[in-house]
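Summary of structural features
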Amino acid sequence: MISWLTPLAPALALILAAPSSAQDLYRSPPPDEETRWISPENPGDGRAPGGQENRGAKGHAFDTIPVGGALTLANISGPGVIDRMWMTIEDRSPQALRGLKLEMFWDGATRPAVSVPLGDFFLHGAGEMTAMDTALFASPEARSFVSYVPMPFRRGARVVVTNESGKPVNLIFYDVTYRELKRPPGDALYFHAWWSRELATTIGRDFRVLPRIAGAGRFLGMSVTVLTNPAYEKTWWGEGEVKVALDGRPGWLVGTGTEDYIGTAWGQGAYANNYQGAPVATWEGDGRWTFYRFHVPDPIWFRQGIEVTLQQMGGAPRGIVQGLIAKGAPLTPVTIDPGSRTNFQQLLATGKRISDPSLPDGHTNYYRSDDVSAVAYFYLDRPDGVLPALADPGLRLRSLRAPMKK
């Protein structure tokens, strides 16, 4: 094994290991683990006897969060690993999905390692819920939120939902399943998630999915939501490439396009698979997209630091792009592809203008500006938050579109 990965070997075994063999399902219980299950019927850390209200009948199945209030879903002391979280709320509007804040604190840290809008965290960033079942998140009938992301901790964990939606949460049901460990989980990394949004991305500047951070860890993946700018009409928005900078090395790890990054091609329809998908892909009416990729079978490790960006680039036939320019759409042409590499035109490198009559017709890529937001999921060798605090509700909720009625 490469020397710098050696300290992380126990984390590899614990975090996002490949599915265990069938024989593991019937082995004897590990002597150093205890199963705990937290819910409103068994609050706190799940150690106290549950189901005691209403003489053992259903007595406390849900909680309520007033406007501005917070609810602690789990408050655990000692070492362990959260294996699964489930919750549901009765109001699943765009305002609730973006206005409820989910935070997670590890080992008594004062800054949360996870601080994200509830809906975006669970792949519902476009203001609507869709049915899906992925390796890390699920919503079986578009009415609940499920996480299978393993989240280890050494001294304690706290999971909190804060209501910044402007409306009361009258019903929230939840449960958190974790394993209490007899000893801390070795060199396991801490789970982090960070959300950001640009209402209008800057022409020619990449959107930062994960700003540059220092430390050792693993980039787990991203969930991105794009609300397209009507100025570009029905042209394709997803020509941008994902770029990853690792450990201060020169250059980037670079893909070939947005839909390429999530394993599809020639555009992007709606689908949800284990490690990649696009739960929302709406061409007609309002141009709303949410897509994700999880680097589980293809890990991205870093030992000194990492930065992840997504180019803001679209594409259309040359004549259509010229028409958009004539209408005042904010864009910068980048390339023209007439269908062969031999006559491929790099407009930025050559300084040629799209109006040059010597240029061939073809698919034209161009920098554009859309409303883009993203959750970056990663593991890091420290428990406390390392990125700016979650944006206030005003920015999160501004210009948020409700899905058009079908």
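Look up: the structure comes first, before these words.
Structure report, in brief. (Residues numbered from 1 in each chain as written. Predicted model: local features only at pLDDT ≥ 70, side-chain atom pairs only at ≥ 80, totals over all residues. Heavy atoms only, no water.)

With that settled, the discussion passes to the overall build of the protein chain. Summing up its helical and strand segments, the protein chain has 7 helices and 27 strands in all. The C-alpha atoms of the protein chain give 23 Å as radius of gyration, which agrees with the globular expectation for 406 residues (22 Å, within 12%). Projected onto the principal axes, the alpha-carbon positions of the protein chain cover approximately 80 × 55 × 40 Å. Put simply, 76% of the contacts in the protein chain that link residues at least 6 apart link residues at least 24 apart. (Helix = DSSP H or I, 4+ residues; strand = E, 2+ residues; numbered from the N terminus. Rg over C-alpha atoms; globule rule 2.2 N^0.38 Å. Contact = heavy atoms within 4.5 Å.)

The subject of this paragraph is the side chain of aspartate 120. Here aspartate 120 shows up in helix 3 (residues 118-121). The exposure class assigned to aspartate 120 is buried, which follows from its relative accessible area of 4%. (Buried < 20%, exposed > 50% of the residue type's maximum accessible area, 1.4 Å probe, protein only.)

Taking strand neighbours across the sheet as the criterion, the 4 strands line up as 23-26-24-25 in an open arrangement whose pairing is antiparallel. Either end of the sheet is taken by a strand with one partner, and the two such strands are strand 23 (313-317) and strand 25 (345-346). Judged from the 5 bridges that link them, strand 23 and strand 26 (residues 363-367) form a sheet pairing that is antiparallel. Bridge assignment links proline 317 to a residue of strand 26, and that residue is histidine 363. (Pairing = 2+ DSSP bridges.)

This model, assessed by the stated rule, comprises 3 cavities of 30 Å³ or more. Estimated volume of the largest cavity: approximately 60 Å³. Lining the largest cavity are 13 residues, with Val226, Trp237, Gln311, Gln312 and Met313 sitting closest to its centre. Class assignment for the residues of the lining of the largest cavity results in 5 nonpolar, 5 polar and 3 charged. Of the volumes computed, that of the second largest cavity is approximately 40 Å³. Taken together, Glu90, Asp91, Ala96, Ser165, Lys167, Pro168 and Val169 make up the full set of residues lining the second largest cavity. (1 Å grid on protein atoms, 1.4 Å probe; cavity = no way out; pocket = protein on both sides within 12 Å on 5 of 7 lines; lining within 4 Å. Points joined across faces, edges and corners; volume = space filled by probe spheres on them. Nonpolar A, V, L, I, M, F, W, Y, C, P; charged D, E, K, R; others polar.)

Strand order in this open sheet of 4 strands is 14-22-16-17, and the pairing throughout is antiparallel. Every other strand in the sheet has two partners, leaving strand 14 (207-214) and strand 17 (253-254) as the edge strands with one partner each.

The next subject is the packing of aromatic side chains. Following the criterion strictly, the structure yields 21 aromatic pairs and no others. Residues phenylalanine 121 and phenylalanine 137 carry aromatic rings whose centres are separated by 5.2 Å and whose planes lie at 80° to one another, so their mutual orientation is edge-to-face. Pair noted here: phenylalanine 121 is in helix 3 and phenylalanine 137 is in strand 8 (residues 137-139), with a separation of 16 residues, a long-range link. We note that phenylalanine 121, like phenylalanine 137, is buried. A connected cluster of aromatic rings, assembled from ring pairs, spans Phe121, Phe122, Phe137, Phe145, Phe191, Tyr292, Phe294, Tyr377 and Tyr379. (Phe/Tyr/Trp six-rings, centres within 6.5 Å; stacked < 30°, edge-to-face > 60°.)

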